[in-house]
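Each chain is listed here by its residues.
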Amino acid sequence: MVTRFFTKDTQIGQSIFKFFVYLLSVSLWINSNAAENDYYKLTSVNFPEDLKLEVSGMAALPGDRMAIAIRKGEVWIAENLSTGKPVYKRFASGLHEPLGLALHKRDLYTVQRSELTRLRDTNADGRADEYLTYAKGWGVTGNYHEYAYGPAVDGDGNLWVALNCSIGKGYNPNNQWRGWSLRVKPDGSWAPISGGFRSPSGIGTNLAGDVFATDQQGNWFPTCPLVHVKRGVFHGHADALQFTSRPEATFKLNQPLPKNLTVAEAAKRIPAYQLPAVWFPYRKMGMSTTDILADSTQGKFGPFAGQIFCGEFTMSFVSRVFLEKVGGEYQGVCFRFRDGLDCAALRLQWGAEGSMYIGQSNRGWNSLGTKSYGLQRLQWTGKVPFEMKSMSVTRNGFRLSFTQMLDDGTAVTPKSYTLKSYTYPYQSRYGGEPVDVKTHEVKFAGLDALGLFINLAVDELREGYVYELHAHGVRDHKGRPLLHPEAYYTLNRVLKEQRVQGD
């Protein structure tokens, strides 16, 4: 039986479907790689042939070094990483499927299936000589699906763990808090914070220190989401509800989940249910979203400082997310960013010089690419691509910002844009296609003096819907088309007051 990192069903139909999607995606993968390479150069990092570098966690270390966890239960230190000839030294071994890694207060922390572990090198010989249990006590039954991800370090120095739900029916007293997020305080005590995960394979923070997680399309998740993890929130998966009767639970649901709803309707009907900050439309924006990495490079990685990058497993690419707060809560837009990886992007991390390192492993599920595991480096070439930098909601529509000055003629032409909105079913069945699809009329509403921002008026804004924008007709001041002309904005709340120009 093949071990799976994710929650994809083992049904033959699903496997056949994904195989055909794989074939259909190959041409797009090759073409995108060629264009994107002018701006973000992708190279494979060398490693010893006998080291199966199935990357499951990464943590940047001082200097040109990276700590790398691998699926088989080891942690390696890669030195001189950016030279093209890194040296690898084993730091720790004997771990039980570590699916994350973080440097916190000079020590490495990783989440094994049954505990959060602190790894210490007390004699500075380059090897861990203390494996300390920092937190434990959540449920583990031996079910293959009971993965534990993390840790992420928030702005207050707490460590966060995200737990898969279990596969299979029936209550088991030993699988407590499956499908929940856990916050571990500096003293090692922990508490459940939010519930309703399916398989939260990426957990991280934005630059403000707020915690986010990705999840996987499947039961109760019509497509992959990026969720804001905070106290008292239900993320949507019903298996986590069995623990809401416990006194430590941060929310209660005293009634069965209603049926035949969209996610937009469910957000109004189900107490504690919070819509994701971003939906990643299936196939268009990937099929298995993974890690979360906020751009803290202060411009070393290009014009997207402060935004979030996410890994994609099945289709082997990196996406980009712009978030904003509306009504006190996050929502935002996702874009394609860099295709053409060697295989599934499982973990993302920054190098000392501002490059992005992408840890890869396709164990458990097929992915685009020519390899089964490895490490790749993504470097900004210094050239600025013509991209939509952000998409923000306004009181009457959306405001787009760009990385290059616009060509006025194409930018103000309504025919340069197409826009539609849709929502998703909220259901126990696997996945779900968009529903209540509507095409919208777009009108030009304003262009700033520098030609970097444009306002578009939209005939209707529907809360709980994804707005899919295509800007294929837009050109920059040199006549170039957008590198990625599609944007997918998750509109959970409309803006009550108009933004001030420049916000």
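Whatever comes next refers back to the structure up there.
Source: prediction; values computed, not measured. (Residues numbered from 1 in each chain as written. Predicted model: local features only at pLDDT ≥ 70, side-chain atom pairs only at ≥ 80, totals over all residues. Heavy atoms only, no water.)

Asks: I'd like a description of the environment of Ser390, backed by residues and values.
Replies: Secondary-structure assignment places Ser390 in strand β26 (residues 388-393). Ser390 sits 56 residues away from Cys334 along the chain, and the two C-alpha atoms are 9.0 Å apart. Excluding its chain neighbours within four sequence positions, the residues that come into contact with Ser390 are Phe322, Phe335, Arg399, Leu400 and Ser401. A polar contact is formed between the side chain of Ser390 and the side chain of Ser401, at a distance of 2.5 Å. (Helix = DSSP H or I, 4+ residues; strand = E, 2+ residues; numbered from the N terminus. Contact = heavy atoms within 4.5 Å. Polar contact = N/O pair within 3.5 Å; in protein donor to acceptor, adjacent residues only side chain to side chain.)

Asks: Give a description of the nonpolar core that names residues and reports values.
Replies: Counting 51 residues, the largest nonpolar core has Leu116, Phe234, Tyr273, Phe280, Val321, Leu323 and Tyr426 as the members making the most contacts within it. If near-sequence neighbours (up to four positions away) are discounted, Phe234 is found in contact with Gly195, Gly196, Leu241, Phe251, Leu253, Leu257, Ile270, Ala272, Tyr273, Gln274 and Tyr426. Judged by nonpolar contacts, the second largest core, of 31 residues, contains Val326, Phe398, Leu419 and Ala487. (Core = buried A, V, L, I, M, F, W, Y, C linked by side-chain atoms within 4.5 Å. Buried < 20%, exposed > 50% of the residue type's maximum accessible area, 1.4 Å probe, protein only.)

Asks: Lay out the packing of aromatic side chains with the relevant residues and their values.
Replies: By convention here, two paired aromatic rings are described through the distance between centres and the angle between planes. Per the stated rule, a full pass over the model turns up 25 aromatic pairs. Seen in terms of ring centroids, Trp180 and Phe251 are 5.2 Å apart; in terms of plane orientation they differ by 15°. Their pairing is stacked. In this pair, Trp180 is assigned in strand β12 (residues 180-184) and Phe251 in the loop between β16 (224-228) and β17 (261-262), connecting sequence segments 71 residues apart. Like Phe251, Trp180 is buried. Taken together through their ring pairs, the aromatic side chains of Trp177, Trp180, Trp220, Phe234, Phe243, Phe251, Tyr273 and Tyr426 make up a single cluster. Positioned above the aromatic ring of Phe335, the side-chain terminus of Arg320 is 4.2 Å from the ring centre. (Phe/Tyr/Trp six-rings, centres within 6.5 Å; stacked < 30°, edge-to-face > 60°. Lys NZ or Arg CZ within 6 Å of the ring centre and 35° of its normal.)

Asks: Tell me about the state of the cysteines, and please be specific about residues and values.
Replies: In this structure the tally under the stated criterion is 0 disulfides. Left without a disulfide partner, Cys165 is nearest to the cysteine sulfur of Cys224, which lies 14 Å away. Accessibility expressed as a relative area gives 3% for Cys165, which makes it buried. In this structure Cys310 is not part of a disulfide, and its nearest cysteine sulfur, from Cys334, lies 8.6 Å away. In this structure Cys310 comes out as buried when scored by relative accessible area, which is 0%. (Disulfide = S-S within 2.5 Å.)

Asks: Hey, could you go over the side chain of Glu312 for me, with residue numbers and the actual values?
Replies: Relative to the elements of secondary structure, Glu312 occurs in strand β20 (residues 308-312). Reaching out from Glu312, the side chain makes a polar contact with the backbone nitrogen of Ser288 at a distance of 3.0 Å. At a separation of 3.0 Å, a polar atom in the side chain of Glu312 contacts the main-chain amide nitrogen of Met315. If sequence neighbours within four positions are ignored, Glu312 has contacts with Met285, Gly286, Met287, Ser288, Thr289, Thr290, Phe317, Ala344 and Ala345.

By themselves these figures say nothing about function.
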